[in-house]
Amino acid sequence: MFKSIVRKTVPLVAFGVGLTAFPKEWRKGLFGDKKLLLINDSALQQIEASDKYKELDANPDFRKYTSSHKFPDQHHKNYVNTGLLFGPDLMEIDPVAFIDEDKGELTSFYHLGDKLISQDGQIHNGVVSTILDEGLCSAGFPLLPSKKGVTAKLLIDFKNQAPPQSTVVLHAKVKEHKGRKVVIEGYLETLPVNKGDKPLLIAESRCVLVEPKWFKYFRWLQV
């Protein structure tokens, strides 16, 4: 009887331990996505030279990360920013983000290439919507009980269209959070190239992020 219990229990325990530990290794770049080496260096340098980037980089309340580090390497090909729409003339850099997880504030930088346009020759609104959805949710995730959730509602007010080969900045901030619900507001604008230039407001957005009740059973899964 005892041996039977051991034979059934030990494999389950081992599986649980392995499943808990393995996802943490995904983030350490064991697979080395070489595609991410093909970035637009000049666009990245322009971002790093901007006043906004320098301000955030010097602020100890904000943590800097790149978009690719949020997902396991083997999933990059299915992810929009560093997979499906990543590469020359598409999303040309690994998006750089700064986040204050305690306050729910996030600023992220993107560079959009010539192939992300719609029929009118301007950046497609679907690309803008994807950036807003991802960015606003990223600002709200840390304030959910399990740090995970899904978009329940996304409202976007398109103001102007971004031209191709433009660097854009997403600003997001949590406005309300209680229990399993977080409300985030934000906007996307261009990053001025020259001193004295004004940013072009592309779109404003409001996102309702919720954590399904069953998510609490997977809080231990660090992915």
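These figures come from a predicted structure and were not determined experimentally.

Draft legend 1. Spatial organisation of unusual backbone geometry. Here Asp89, not a glycine, exhibits a phi torsion of approximately 70 degrees, which is positive. Its place among the elements puts Asp89 in the loop between α4 (80-84) and β2 (96-100). Taking relative accessible area as the criterion, Asp89 reaches 27% and is therefore assigned partly exposed. The phi torsion at Gln165 lies on the positive side, around 60 degrees, for a residue other than glycine. Tracing the backbone through its elements, the reader meets Gln165 in the loop between β4 (150-158) and β5 (166-178).

Draft legend 2. Inspection of the nonpolar core at higher detail. Counting residues in each nonpolar core, the largest one holds 31 residues, and the members touching the most others are Leu112, Ile131, Leu170, Ile184 and Leu188. Mapped by element, the contributors of at least two residues to this core are β2, β3 (105-112), α5 (125-140), β5, β6 (181-190) and β7 (201-210). The element contributing the most residues to this core is α5, with seven residues. If we ignore the near neighbours within four places in the chain, the residues touching Ile131 are Met91, Tyr110, Leu112, Leu170 and Leu188. Grouped together as the second largest cluster of nonpolar side chains are 12 residues, Ile47, Leu56, Val96 and Leu191 included.

Draft legend 3. Local environment of the environment of Arg63. Its location among the elements puts Arg63 in strand β1 (residues 63-66). Along the backbone, Arg63 and Leu106 are 43 residues apart, and their C-alpha atoms lie at a distance of 9.4 Å. Residues within four places of Arg63 in sequence aside, it is in contact with Ala97, Phe98, Ile99 and Glu101. Polar contacts involving the side chain of Arg63 include one to the side chain of Glu101, which spans 2.7 Å.

What counts and how
- Residues numbered from 1 in each chain as written.
- Predicted model: local features only at pLDDT ≥ 70, side-chain atom pairs only at ≥ 80, totals over all residues.
- Heavy atoms only, no water.
- Helix = DSSP H or I, 4+ residues; strand = E, 2+ residues; numbered from the N terminus.
- Buried < 20%, exposed > 50% of the residue type's maximum accessible area, 1.4 Å probe, protein only.
- Core = buried A, V, L, I, M, F, W, Y, C linked by side-chain atoms within 4.5 Å.
- Contact = heavy atoms within 4.5 Å.
- Polar contact = N/O pair within 3.5 Å; in protein donor to acceptor, adjacent residues only side chain to side chain.

Remember that the coordinates give geometry; whether it matters functionally is a separate question.
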